[in-house]
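What the coordinates show
Chain residues, written in single-letter form:
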Amino acid sequence: MALKAEVLRMVFGAETLSEDTPLSVLFGLWIEDRDGAIRKQSVRIYKSTITWLDPLIGAIPIGEARQPLRVKRMLKAVEEARGEAALQQARVALNGAFVMAIENGVIEHNPMRSLRRQQKKRKVPKSLTVAQVKVLREAVVRREARIAKWSRESLHVLGWVIEIMLGSGLRINEVLGLRHCDISWERGRLEVTGTLIDDPDDWHLVRQEELKGRGQARIIELPKYALKALAAARLNASTIPARLPHMPAIQGQATGKWVSARNVRRSLRDLRQDEEFVKALAATGLVPDDITPHIIRKTAATLIAKETGDIRDAQHLLGHADPRTTSNDYVGEAYRAVGNAALLDALLGDPTDGGPAEPPRSIGF
């Protein structure tokens, strides 16, 4: 650490790194420090964060920003200006900036560690019910029929992606990153080992041979409707080269090419304009903006957890390392089955009563 700090002082000058140094300089040092140490797409996200964060707080000197109360006010301003997601990004950037300040001997303590996170009321995770999935599928069919009248461009891609997500709980880029060789038609299984990303160097789509987190590679047993969607997608690959094992399992109009998640999201936004879809959703308690790839991903896991009563089934399907992520942000605690009816019956029940309890008869008044 000391050697690195000395090198940075030589590069930026002895007077540059002081309590008067603005945060913008530390942001630059942080990006430089991370470049090469983490994935390129993560560096790109950090750089994107700095482009909007720097104009907001970049001019504040380190000596002023080191006060926890000042940091708290900065973060509050960020949240008010750009929302909760931006707040989390700002936390990461500020933490990195203060680490740089500590390494260079400007401050001794990271003020981010002194902040208490505000406890917000946790939202109940949303997912689709069986009835809502039916409404969604009907809207997809209507959209495909409408588009077929004037264009064949990526006609069925949205429907394929939705069915596969409903059957696997995969993220949208994990679905789009599937290859023909990842599908076992004999066993009805799917091997998930990679995801689709934008190459940070030249911005074209590439398959990353690893998932979002460690230990998320998994084999998923697919329901028939998801296999049917994959089979239809394979038929769409109309040339022999497009059907080679390592080619995309889902291809649009550009045969043999990966489909961008942006295009699928655009199709989903178009779907949400369907007036009949809007009315049908309203009858189930949802609005069009509720229909996102994220809620579709949650649906399979939530339905499984609800039916089995075991949140671990949902956790494994979604590829979460921590079951708390699954319960807090995805399926919720509402579907945790508790108790042991068989044991209690054995200990406290009537030994002469061997059958299940009869449902109560309705009583007329």
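Within every chain, residues take consecutive numbers counted from 1 along the sequence as written. In keeping with the predicted nature of the model, local features appear solely for residues at pLDDT of at least 70, side-chain atom pairs appear and are counted solely at 80 or more, and the whole-chain, interface and lining totals rest on all residues. The basis for the side-chain values is all heavy atoms of the structure; hydrogens and waters are excluded.

Quick word on the packing of helix α8 (residues 157–168) against helix α11 (residues 261–271)
The cut-off we apply is this: Angles shown run from 0 to 180 degrees and are taken between the N-to-C directions of axes, each axis being a line fitted to C-alpha atoms and, for helices, limited to the stretch in contact. A run of H or I in DSSP becomes a helix once it reaches four residues, and a run of E becomes a strand once it reaches two; helices and strands are each numbered from the N terminus. Every angle not falling under 35 degrees, over 145, or within 65 to 115 is termed oblique; those three ranges are roughly parallel, roughly antiparallel and roughly perpendicular. By the convention used here, residues are in contact when the closest approach between their heavy atoms is within 4.5 Å. The residue classification treats Ala, Val, Leu, Ile, Met, Phe, Trp, Tyr, Cys and Pro as nonpolar and Asp, Glu, Lys and Arg as charged. All others, Gly included, are polar.
Orientation of α8 relative to α11, taken along the N-to-C sense of each, is 95 degrees, at an axis distance of 10 Å. What the angle tells us is that α8 and α11 run roughly perpendicular. Seen from α8, the contacting residues are V157, L158 and V161; seen from α11, they are V264, S267, L268 and L271. Residue composition of the contact of α8 with α11, grouped by class: six nonpolar, one polar and no charged.

Brief notes about the confidence of the model for the chain
Applicable threshold: pLDDT: the predictor's confidence for each residue, scored from 0 to 100.
Looking at the chain as a whole, the pLDDT averages 81, with 75% of positions reaching at least 70. Between residues 1–5, whose pLDDT stays under 50, and residues either more than four places distant or in other chains, the model counts six contacts.

Points about the pattern of salt bridges
Note the threshold: Note on definitions: salt bridges are taken to be side-chain nitrogens of Lys or Arg within 4 Å of carboxyl oxygens of Asp or Glu. Exposure categories follow from relative accessible area, calculated using a 1.4 Å probe and restricted to protein chains: below 20% of the type maximum is buried, above 50% is exposed, and the middle band is partly exposed.
All told, the structure shown has 16 salt bridges when counted by the stated rule. Salt-bridge contacts for R142 lead to D274; the nearest nitrogen and oxygen are separated by 3.1 Å. Of this pair, R142 sits in helix α7 (residues 130–148) while D274 sits in the loop between α11 and α12 (275–284), and the two are 132 residues apart along the sequence. Exposure remark for R142: the relative accessible area of 23% places this residue in the partly exposed category. Residue class for D274 comes out buried when judged on its relative accessible area of 13%. Here D182 ties to R179 by a salt bridge, and the two come within 2.9 Å at their closest N and O atoms. Accessibility classification places D182 together with R179 in one group, the buried group. Taken together, the shared-partner salt bridges in this structure form one network comprising R142, D274 and E276.

Digging into the environment of L190
Structurally, L190 is set in strand β2 (residues 189–192). Accessibility expressed as a relative area gives 0% for L190, which makes it buried. In this structure, L190 is in contact with L170, L178, D182, I183, R218, I219, I220, L222 and L230, ignoring residues within four places of it in sequence.

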